[in-house]
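# Working through the structure, step by step
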Amino acid sequence: MKYPFPAYCGQHELAAIIQEHCQKNPKFKLLFSTEMQSLEQDEKEIRVTVKDLKSGETRVINADYLVGADGGKSSVRKAVGVKLEGFTWDETFVATNITGFPFEKYNIRGANFVVHPKHWAVVAQTGGPNSPWRIAYGEENGLTPEEIRKRAPEHLKILLPGPDPYTLVQCNQYNVHQRCATTFKVGRVLLAGDAAVCTLQILN
């Protein structure tokens, strides 16, 4: 078995792969700094009004279908009146990205799960050798982003297998949800990803 462990692909690498293939296909057009304003649909097509956030200009895009994959706060889902049913867990989820730590020194690779009543965590590679490692753990509620980042080294001291130095490059705080859209399809609108099944929602 070439990879005897789960392989994780960080969003930064997945997005780069998707962008590379889209740019090679003349049928694709990538629009950045663009926000959906509203949508209308009938039996023949869907019309989406989008706004260029740099110029402020709006225009209408006509399409056969629209896939809303725009996260837990999905504008597409809200536009078609679909709700996320379920509940939110009490504990806050913190996702850190670190670089420079010699995980290979401790024979750690792939995805790793720390099972503990308090200091549980997910420790995983997010891509190739130059990509950061993701260490996610639970934290108490009500802390500011500044407090979360200040407390991160204490959590990492417990979770990392050795005292070697590292660089904390990212530290984000999330709500943990167990929610699902009441439907994944409304006419010509489809919901996917966190817009359809929400598990994490960034707070800062």
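This write-up is about the structure you can find in this document.

What counts, and where the lines are drawn
- Residues numbered from 1 in each chain as written.
- Predicted model: local features only at pLDDT ≥ 70, side-chain atom pairs only at ≥ 80, totals over all residues.
- Heavy atoms only, no water.
- Phe/Tyr/Trp six-rings, centres within 6.5 Å; stacked < 30°, edge-to-face > 60°.
- Helix = DSSP H or I, 4+ residues; strand = E, 2+ residues; numbered from the N terminus.
- Lys NZ or Arg CZ within 6 Å of the ring centre and 35° of its normal.
- Salt bridge = Lys/Arg side-chain N within 4 Å of Asp/Glu carboxyl O.
- Buried < 20%, exposed > 50% of the residue type's maximum accessible area, 1.4 Å probe, protein only.
- Expected span 1.5 Å × (residues − 1).
- Bend = angle between axes of the 7 residues up to and from the residue.
- Contact = heavy atoms within 4.5 Å.
- Pairing = 2+ DSSP bridges.
- Axes fitted to C-alpha atoms, helices over the stretch in contact; angles between N-to-C directions.

### Things to note about the packing of aromatic side chains
All chains considered together, the criterion is met by 6 aromatic pairs. With centroids separated by 6.0 Å and ring planes inclined at 35°, the aromatic side chains of phenylalanine 93 and tryptophan 120 adopt a geometry described as tilted. Of the two residues, phenylalanine 93 sits in strand β5 (residues 84–99) while tryptophan 120 sits in the loop between β6 (111–114) and β7 (121–125), which places them 27 residues apart along the sequence. Consider the rings of phenylalanine 93 and tyrosine 174, whose centres lie 6.5 Å apart with planes at 75°: the pair is edge-to-face. With a gap of 81 residues between them, phenylalanine 93 in strand β5 and tyrosine 174 in strand β9 (residues 167–181) connect regions that are remote in the sequence. The structure contains a cluster of three or more aromatic residues connected by ring pairs, namely Phe101, Phe103, Tyr106 and Trp133. It is arginine 188 that lies over the ring of tyrosine 65; its NZ or CZ is 5.2 Å from the centre.

### Description of the pattern of salt bridges
The final tally for this structure, using the stated rule, is 7 salt bridges. Put simply, glutamate 40 and arginine 47 hold a salt bridge, and the shortest N to O gap is 3.7 Å. The exposure class of glutamate 40 is exposed, given its relative accessible area of 51%. Take arginine 47: its relative accessible area is 21%, and that puts it in the partly exposed class.

### Considerations on helix α3 (residues 145–159)
Here α3 is 15 residues long and its end C-alpha atoms lie 20 Å apart, about the 21 Å a rise of 1.5 Å per residue gives. Of all the bends found along α3, the most pronounced is centred on alanine 152 and spans about 35°, while proline 153, a proline, follows it within four residues. For α3, the full list of buried residues reads Ile148, Ala152, His155, Leu156 and Leu159. Along its buried surface, α3 packs onto β5, β6, β7, β8 (133–139) and β9.

### A closer look at the pairing of strand β3 (residues 58–63)
As paired strands, strand β2 (residues 46–52) and β3 are joined by 6 bridges and run antiparallel to one another. When the bridges of β3 are listed, arginine 47 appears paired with asparagine 62. Connecting β2 to the antiparallel partner β3 that follows it, the hairpin turn spans 5 residues, and glycine 56 within it adopts a positive phi of roughly 85°.

### Notes on the sheet that holds β2
Within the open sheet, the 3 strands sit side by side as β1-β2-β3. Their pairing is antiparallel. Since the sheet does not close on itself, it has two edges, and those belong to β1 (34–41) and β3, each with one partner. Taking each pair of neighbouring strands and ignoring which way they run, the sheet shows an average axis angle of 25°. Here β1 pairs with β2 via 7 bridges, running antiparallel. From the neighbouring strand, glutamate 40 faces β2, where its bridge partner is arginine 47.

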